[in-house]
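# Architecture at a glance
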Amino acid sequence: MSAKKTAYVNKNYLQYVKKLDPPTKHFKNCFAAFGVGGLICSIGQFFRYMLEYAGLSGDELAGAVSVLLIFLGCLLTGLGVYDRIGRHAGAGSIVPITGFANSVTSPAIEFKTEGYIYGTAAKMFTVAGAIIVYGVFSGVIVGIIYYFI
């Protein structure tokens, strides 16, 4: 095929796709992401205030809030609710702690039928594995640097 004919075919194809593809609603998507992300963060802040009122402080408070948010993310993923939230909110559902819990829980549920070892345990970290490895590695390097300084 000649270069002119290829350019003509590509142009026709792009026009065809543009005609069939619905337009993206950028403002609506950004608003939904901002709203849901803010709601997740507000829930975390609510947990913080309630646990602080109950008497926790410092590292205990931070750890308890983190555990509650991870639990909530895993529970909602297991019930299928987090996926619906993600479809509606897009990037707003990837708030670091709940989004990370979802990225570990989803493959574990998906590959459960392959067994606990070769399915759930092996595939659980397909999405989040690299993040965990590089996070631990970076932590070790920073710890070594602080040790010698």
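Residues numbered from 1 in each chain as written. Predicted model: local features only at pLDDT ≥ 70, side-chain atom pairs only at ≥ 80, totals over all residues. Heavy atoms only, no water.

### Describing the overall build of the protein
Within the protein, the regular secondary structure consists of seven helices and zero strands. Each helix (α) and strand (β) of the protein, taken in turn from the N terminus, gives the series α-α-α-α-α-α-α. Relative to the globule expectation of 15 Å for 149 residues, the C-alpha radius of gyration of the protein, 22 Å, shows a markedly less compact shape. When its C-alpha atoms are laid out on the principal axes, the protein stretches across 70 × 45 × 35 Å. (Helix = DSSP H or I, 4+ residues; strand = E, 2+ residues; numbered from the N terminus. Rg over C-alpha atoms; globule rule 2.2 N^0.38 Å.)

### Section: the layout of surface pockets
Here the largest pocket defines a volume of roughly 170 Å³. Together, Val 36, Leu 39, Ile 40, Ile 43, Leu 69, Leu 72, Gly 73, Leu 76, Tyr 82, Ile 85 and Thr 98 line the largest pocket. Only helix H2 (26-53), helix H3 (58-78) and helix H4 (81-89) provide two or more residues apiece to the lining of the largest pocket. Along the lines of polarity and charge, the residues of the lining of the largest pocket split into nine nonpolar, two polar and no charged. (1 Å grid on protein atoms, 1.4 Å probe; cavity = no way out; pocket = protein on both sides within 12 Å on 5 of 7 lines; lining within 4 Å. Points joined across faces, edges and corners; volume = space filled by probe spheres on them. Nonpolar A, V, L, I, M, F, W, Y, C, P; charged D, E, K, R; others polar.)

### Remarks on the confidence of the model for the protein
On average, the protein scores 85 in pLDDT, and the residues at 70 or more come to 94%. Mean pLDDT values over the elements of the protein span from 71, in helix H1 (residues 3-20), up to 93, in H3. (pLDDT = per-residue confidence, 0-100.)

### Re the packing of aromatic side chains
Applying the stated criterion across every chain, the model contains two aromatic pairs. Considering the side-chain rings of Tyr 147 and Phe 148, the 5.2 Å spacing of their centres and the 80° angle between planes classify their relative orientation as edge-to-face. Per residue, the accessibility class of Tyr 147 equals that of Phe 148, and both read exposed. (Phe/Tyr/Trp six-rings, centres within 6.5 Å; stacked < 30°, edge-to-face > 60°. Buried < 20%, exposed > 50% of the residue type's maximum accessible area, 1.4 Å probe, protein only.)

### A short note on the side chain of Thr 77
Within the secondary structure layout, Thr 77 lies in helix H3. On the basis of relative accessibility, which here comes to 6%, the residue Thr 77 falls in the buried class. Setting aside chain neighbours within four positions, we find Thr 77 in contact with Tyr 82, Asn 102, Thr 105, Ser 106 and Ile 109. (Contact = heavy atoms within 4.5 Å.)

### Overview of the side chain of Ser 103
Assignment of secondary structure puts Ser 103 in helix H5 (residues 96-110). Polar contacts involving the side chain of Ser 103 include one to the main-chain carbonyl oxygen of Phe 100, which spans 2.8 Å. Residue contacts for Ser 103: discarding those within four places in its chain leaves Met 124, Val 127 and Ala 128. (Polar contact = N/O pair within 3.5 Å; in protein donor to acceptor, adjacent residues only side chain to side chain.)

### Points about the environment of Arg 84
In this structure, Arg 84 sits in helix H4. Here Arg 84 falls in the exposed class, since its relative accessible area comes to 51%.

### Concerning the packing of H2 against H3
At their nearest, the axes of H2 and H3 sit 9 Å apart, and the two run at 135° to each other. In terms of their interaxial angle, H2 and H3 are classed as oblique. The chirality of how H2 crosses H3 is right-handed. Listed contacts from H3 to Ile 43, Gly 44, Phe 47, Arg 48, Leu 51 and Glu 52 of H2 are Leu 61, Ala 64, Val 65, Leu 68, Leu 69 and Leu 72. (Axes fitted to C-alpha atoms, helices over the stretch in contact; angles between N-to-C directions. Parallel < 35°, antiparallel > 145°, perpendicular 65-115°, else oblique. Left-handed = near helix turned anticlockwise from the far one by under 90°.)

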